[in-house]
Each structure stands twice: as structure tokens, then as C-alpha cells.
Amino acid sequence: MKCSLTIFGGIIILVYCFFSLYSLYALYDQRYGETDKDLKQNLLSLKKTASPRSKLFGKRINRISNNFSSRNETSSIRTKNVEIWGKAAISLYLWEHILKGELESELGGLSTYGTFTQDELKFQFRTGPGVVQSTVPQDVENLVLVLNGRTQEKIDFARSWLDYLPHYSNLKNIAVVLLGNEQCNNEWILQYLTTHGGLVKALFITYDTQIVDDDNIFQWPLGVATYRGFPVVQDEAIRINISRPYICNFLGTIYPGSSREKLINSLEGAGLDDKCFIKTRTSWEPLESKESLDVYKRALATSDFTLNPVGVNTECYRLYEAMSYGSIPIVEDAVTEGECDRNGNSPLRLLRKMNAPFIYIKDWNQLPDILKNLDANANDVVQKRQEIVKWYRWFKQETNQHFLSVLRDKFAWTKIT
């Protein structure tokens, strides 16, 4: 009998606990467990029944409703997948220096790839000799194609890629980043733009070419010589606040009768050649050895100023490489021969527009006096170095944002905020 009462009492306690838990669940569900659909219906009902005089209450309902709609609209916008195919070395400047993407190699180095996501845009980067028309994703929808148009041979290769684009049946959006001709002869690319009946919606192109309109065609920075293996320079490699052993540096090819020859003569005549890191050659070499690259990087890292005489074009890789190491460019202010822009903001139209803190010089015979004046105030040199490092970081970030903004605009996307 006693055992039966014990069992009965236990059952009563279990039943009580069950109903207590159920009641608690029902109360929670009633208060917090409404589905999105029920919540939306309740909000609509509140809007209809609220008194017109209850403005504060009405605004509160509207704010909640708008937040609800915004949350659902954001969740419904899918990630935009963008392929970047690099068929020119300048693609590595875009990927590693501007977008700050990372790279991995496959197939024994035949192809290099990387992925990178910024906001709603997911980029897949591919480059290398293994990247050909038949090996890239055939279902690509959004594409940034990086090409070289510097010589006729490079143009012919670029055309082969542009002419093949209609074979990708799902392709909707195309932008091109083009290493342009150093004398700005780039009209051949126009036929491929949508404004001329082609498929390319946006073109980014190097040098002060006159076809830039900032509507469909945008100027792109030349960047560093990635084809020579110039790296992404880490902050710890830049001696910003420490005195450097050399006033200036110049490593390059000396052509007879050129302004480069005048530069060297000016330094030697003033007895400054021993205070500058100078290493010259008589013929151009397209590739660097590990040893020559190390010497070049050391020259940039240990010099206050980097001398930039004109070559075929005023804009050169040396400008960006110097800034990477905090060495202030001293630039020959001269427009070279060809079809490049000759207006008042040239040469270096893009860099001038962005207020690059360079030192410009019209005549290399003025160099000794300029260097002596600059070297007389060590604190001023350090301040200029800090300024150039800060500016270059900002410039790359601005280039990043401009690139993404153009893609969103020309590909008819809207940024998720």
C-alpha cells in the first residue's frame, strides 16, 4: 500500500512538471516565437488600427517595419561571383597590392589562383600559362580580364582573348584592365567597348592616354614591376623614422644623350655621387636576378630620395617601388613623345590629381642644390618620408574602392550597406 502511494505521488509530480514546462513554452512562444510572416502581419495590422493622431507610435511601427524589410532584402541579395583572369603581369598588382588577395600555385606553377571577398563581391583570381580559353570556367558570368597592350605582339594576343569572349554563353558583365602603350596609342581597344558595339562595360588603362573619359574608361596606376618579382613590402621593412645612409639612389640604364646621362654628370660634378646609391648599365635588361633585385630593394630602403628621369614614358615602375619603401621620388617633369595627354595636369595625370607628394624637377642640373637643401634638415626628410608612406597606403585604398565602385556601377549592382 505504501509503495502504491509512493508511485502515485511520483506520477502526480511528473504530470505537474510536464504541464508547468508546457505552460512556460507556450508563454515563451506567444511572446517571442512568432514567425517572420506573423510578425509582418502584426505590423501591418498595427499600422491599420493605430490612431492617425498617434504620430510617435506610427513612426515607431514604420521604423520596425523598415528594419524588417531591410533585413529580408539584404538576406535575399546573393553574393556576386567575379572571375579575374590575369594575362598580363599587371594583374598581380591589382590582386596583391590593390585588393590585397593571397596566391597559391598549382600544376607545378602552370597556374596561380586566389580567392578574396569584399562586401558582397567574391573574387576568384587566375593567372599563369595554364590559364587559357579552354581551361577557365566556361560558365563565367562576371569577368575582369587583365591584358597587355604595350606592343603589337601583345595587342594581337589581347585580341585573341577579347574575340573569344562570345563563346562564354553565360557571360553578362565584362571589365578590362589594360597595360597600355607607353606612347598612348590605344585606340584599337575602343571597338570592344559597349559604347562602340562591343561587350566590355568598363576599361581601366595605364598612362595618360587621351581616351580616358572617367565614364566608361578610367586611368589605372602602372604599379610595381611584378614581372620582375617586386614584392608586397611589409611595414616592418620600411625604416620610416630612422636616418638612412644615402641621400638618393638611381639604378637604371643610361642612354647616350639622354637626361639620365645629364643626371649622372650633375651628381658627379657636385661630388654627390658618393652620397647616393648609384648603379648604372648601358643596355636594358628585362628580367632581374635574385641578386640584382636584392640590390635594388636595398637601394630603395636605404635612400631618402629616388631619382626618376624619364624613359619612354614619365610614369615608371620606379615611382611606385620607391614609395613602397618610403623613398621620396624626385621626378623629371617632362612629357615624353607620343599621343599622351599634354594638358596642364600632365605628366602623371592620375598621381597629380591625387596629390602625390613628389618633388618635380625640370632640369637635372638643379639636382645638387635641391639635394643639399633637403639634406640640411633631417627632421624635414623624416616628415616627407612619413608623408609618402601614408599617402601611398591611402592611394592604394582609394584605388581599391574606385575599382569596386566602377564594377558595381557598370555591372548594375548596388552595394549592400
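It should be emphasised that the depicted structure is a prediction, and the values quoted were computed from it without experimental measurement.

Scoring rules and cut-offs
- The numbering scheme is per chain: residues are counted from 1 as the chain's sequence reads.
- Where local features are concerned, this predicted model is filtered to residues with pLDDT of at least 70; where side-chain atom pairs are given and counted, the filter is 80 or more; whole-chain, interface and lining totals use all residues.
- Based on all heavy atoms of the structure, the side-chain values leave hydrogens and waters out of the count.
- Secondary structure elements are taken from DSSP: a helix is a run of H or I of four residues or more, a strand is a run of E of two residues or more, and numbering for both begins at the N terminus.
- Between buried and exposed lies partly exposed: a residue is buried under 20% and exposed over 50% of the maximum accessible area for its type, with that area taken using a 1.4 Å probe on protein chains only.
- In this description, contact between two residues means that some pair of their heavy atoms is separated by no more than 4.5 Å.
- Every accessible area reported is derived by Shrake-Rupley at a probe size of 1.4 Å, with residue values counting cover from the shown protein chains alone.
- At least two DSSP bridges between two strands are needed for those strands to be called paired.
- Axis definition: a line fitted to C-alpha atoms, over the contacting stretch in the case of helices. Angles run 0 to 180 degrees between N-to-C directions.
- The definition of a nonpolar core used throughout is a set of buried Ala, Val, Leu, Ile, Met, Phe, Trp, Tyr and Cys residues joined through side-chain atoms within 4.5 Å.
- Aromatic pairs are defined between Phe, Tyr and Trp rings, using the six-membered ring for Trp, whenever the two ring centres lie within 6.5 Å; interplanar angles under 30 degrees are classed as stacked, those over 60 as edge-to-face, and all others as tilted.
- Placement of a charge over a ring requires the Lys NZ or Arg CZ to be within 6 Å of the ring centre, with the centre-to-atom vector within 35 degrees of the ring normal.
- Just so you know how the angles are binned, under 35 degrees is roughly parallel, over 145 roughly antiparallel, 65 to 115 roughly perpendicular, and the rest oblique.
- Asp, Glu, Lys and Arg are counted as charged, while Ala, Val, Leu, Ile, Met, Phe, Trp, Tyr, Cys and Pro are counted as nonpolar; the rest, among them Gly, fall into the polar class.
- Any pair of cysteine sulfurs within 2.5 Å is marked as a disulfide.
- Polar contact is defined as a pair of N or O atoms within 3.5 Å, subject to the rule that within protein one atom must be able to donate a hydrogen and the other to accept it, and that residues adjacent in sequence are counted only when both atoms are side-chain atoms.
- For patches, a residue must show more than 30% relative accessible area and have no salt bridge; joins then use 9 Å for like charges and 5 Å for nonpolar side chains, namely Val, Leu, Ile, Met, Phe, Trp and Tyr.
- Salt bridges are defined by distance alone: a side-chain nitrogen of Lys or Arg within 4 Å of a carboxyl oxygen of Asp or Glu.

A.B. asks: In this structure, what is going on with the overall build of the protein chain? I would like to understand it.
C.D. replies: The helix and strand inventory of the protein chain stands at 11 helices and 13 strands. Going through the 417 residues of the protein chain one by one, you find that 45% of them count as buried. Looking at the protein chain alone, contacts between residues at least 24 apart form 71% of all its contacts between residues at least 6 apart. Surface exposure of the protein chain reaches about 22,600 Å², of which carbon and sulfur atoms provide 52%.

A.B. asks: Please clarify how the sheet that holds strand 7 (residues 202-205) should be interpreted in this entry.
C.D. replies: For sheets, the rule is that strands pair by backbone hydrogen bonds, running either parallel or antiparallel. The sheet built from eight strands is open, its strands ordered 2-3-4-1-5-6-7-8 with mixed pairing. Both edges of this open sheet fall to strand 2 (104-106) and strand 8 (217-219), since each of them pairs with a single strand only. With direction set aside, neighbouring strand axes in the sheet form an average angle of 20°. As defined by bridge partners, strand 1 (residues 80-86) adjoins strand 4 (residues 121-127) across seven bridges and the pair is classed as parallel. Looking at the pairing, Glu 83 lines up with Gln 124 of strand 4. Taken strand by strand, helix 4 (residues 90-98) contacts strand 1, strand 3 (111-118), strand 4, strand 5 (142-148) and strand 6 (173-179), and its axis lies near 145° from that of strand 4.

A.B. asks: What's the story with the nonpolar core in this structure? I'm lost.
C.D. replies: Soluble globular proteins tend to bury their nonpolar side chains together. By size, the foremost hydrophobic cluster in this structure holds 84 residues, and its most contacted members are Phe 123, Phe 305, Tyr 320, Leu 371 and Phe 403. Examining the composition of this core, we find that 10 residues originate from one element, helix 11 (residues 378-410), more than from any other. Not counting residues within four places of it along the chain, the set of residues in contact with Phe 403 comprises Leu 94, Leu 99, Phe 123, Val 144, Val 177, Phe 204 and Trp 220. Counting residues in hydrophobic clusters, the runner-up holds 28 residues, among them Val 140, Leu 145, Ala 158 and Leu 190.

A.B. asks: Could you clarify how one ought to interpret unusual backbone geometry in this entry?
C.D. replies: Backbone phi values are negative for most residues with the exception of glycine, while trans is the configuration of most peptide bonds. Cis geometry marks the peptide bond from Ser 346 to Pro 347; its omega dihedral reads 0°. Mapping Pro 347 onto the fold places it in the loop between strand 12 (328-332) and helix 9 (349-353). In this model, Asp 119 sits at a positive phi of 55°, which is unusual for a non-glycine residue. We note that Leu 348 has phi near 60°; this positive angle belongs to a residue other than glycine. Topologically, Leu 348 is positioned in the loop between strand 12 and helix 9.

A.B. asks: Got a minute to help me understand the packing of aromatic side chains in this structure?
C.D. replies: Both the distance between ring centres and the angle between the ring planes are used here to describe each pair of aromatic rings. Counted under the stated rule, the structure contains 22 aromatic pairs. The aromatic ring of Tyr 360 is capped on one face by Arg 352, whose charged end is 4.1 Å from the ring centroid.

A.B. asks: Looking at this structure, how should I read the packing of helix 4 against helix 11?
C.D. replies: If you want to describe how two helices pack, look at the angle between their axes and the distance between the axes. Look at helix 4 against helix 11: their axes get within 10 Å of each other, and the N-to-C directions meet at 110°. Classified by the interaxial angle, the pair formed by helix 4 and helix 11 is roughly perpendicular. When helix 4 is examined against helix 11, the residues Tyr 93, Leu 94, His 97 and Ile 98 are found in contact with a partner set consisting of Tyr 392, Lys 396, Thr 399, Asn 400 and Phe 403. In terms of residue class, the contact of helix 4 with helix 11 is built from five nonpolar, three polar and one charged.

A.B. asks: Would you explain the sheet that holds strand 13 (residues 359-361) in this entry?
C.D. replies: Taken together, the five strands give an open sheet; going across it, the order is 10-9-11-12-13, and neighbouring strands pair in parallel fashion. In this open sheet, the two strands that pair with only one neighbour each are strand 10 (276-281) and strand 13. Neighbour-to-neighbour, the strand axes of this sheet turn through a mean angle of 20°, independent of strand direction. Sheet strands touched by helix 7 (residues 290-301): strand 9 (246-253), strand 10 and strand 11 (303-308). Its angle to strand 9, the strand with the most contacts, is close to 150°.

A.B. asks: Please explain the state of the cysteines as it appears in this structure.
C.D. replies: Note: disulfide means a covalent bond formed between the sulfur atoms of two cysteine side chains. Inspection of the entire model under this criterion finds two disulfides. The disulfide bridge from Cys 184 ends at Cys 340, spanning 2.0 Å between sulfur atoms. Linking Cys 184 and Cys 340, the disulfide has an S-S dihedral of approximately 85° and is accordingly described as right-handed. Of this pair, Cys 184 sits in the loop between strand 6 and strand 7 while Cys 340 sits in the loop between strand 12 and helix 9, placing them 156 residues apart in sequence. Judged by its relative accessible area of 5%, Cys 340 falls in the buried class. Across the disulfide from Cys 248 sits Cys 276; the S-S distance is 1.9 Å. When the S-S torsion is 105°, as for the bridge of Cys 248 with Cys 276, the disulfide is right-handed. Of this pair, Cys 248 sits in strand 9 while Cys 276 sits in strand 10; the two residues are 28 residues apart in sequence, bridging distant segments of the chain. Among the residues examined, Cys 276 registers a relative accessible area of 5% and is labelled buried.

A.B. asks: Please clarify how the packing of helix 6 (residues 259-269) against helix 10 (residues 367-375) should be interpreted in this entry.
C.D. replies: Running from amino to carboxyl end, helix 6 crosses helix 10 at an angle of 55°, the nearest separation of the two axes being 9 Å. The pairing of helix 6 with helix 10 is recorded here as oblique in orientation. Facing Leu 263, Ser 266 and Leu 267 of helix 6, the residues of helix 10 in contact are Leu 367, Pro 368 and Leu 371. Split into classes, the residues belonging to the contact of helix 6 with helix 10 amount to five nonpolar, one polar and no charged.

A.B. asks: Help me understand the side chain of Thr 306, please; the structure alone is not making it clear to me.
C.D. replies: Position of Thr 306 among the secondary structure elements: in strand 11. Polar side-chain contacts of Thr 306 include one of 2.7 Å to the side chain of Ser 327. When near neighbours in sequence (up to four residues on either side) are disregarded, Thr 306 contacts Asn 249, Leu 300, Arg 318, Ala 322, Ser 327, Ile 328, Pro 329 and Ile 330.

A.B. asks: Please explain a nonpolar patch on the surface as it appears in this structure.
C.D. replies: Where nonpolar side chains cluster on the molecular surface, the patch consists of Tyr 227, Tyr 255, Trp 284 and Leu 287 and spans about 450 Å² of accessible area. The residue Tyr 255 is located in the loop between strand 9 and helix 6 in this model. Judged by its relative accessible area of 38%, Tyr 255 is partly exposed.

A.B. asks: Help me out: how do you make sense of the pairing of strand 4 in this one?
C.D. replies: Regular strands have side chains that alternate between both faces of the sheet. With five of its seven residues buried, strand 4 lies for the most part within the structure. In this structure, strand 3 lies alongside strand 4, joined through seven bridges in antiparallel fashion. From the neighbouring strand, Tyr 113 faces strand 4, where its bridge partner is Arg 126. Count of turn residues in the strand 3/strand 4 antiparallel hairpin: two residues, of which Asp 119 carries a positive phi of about 55°.

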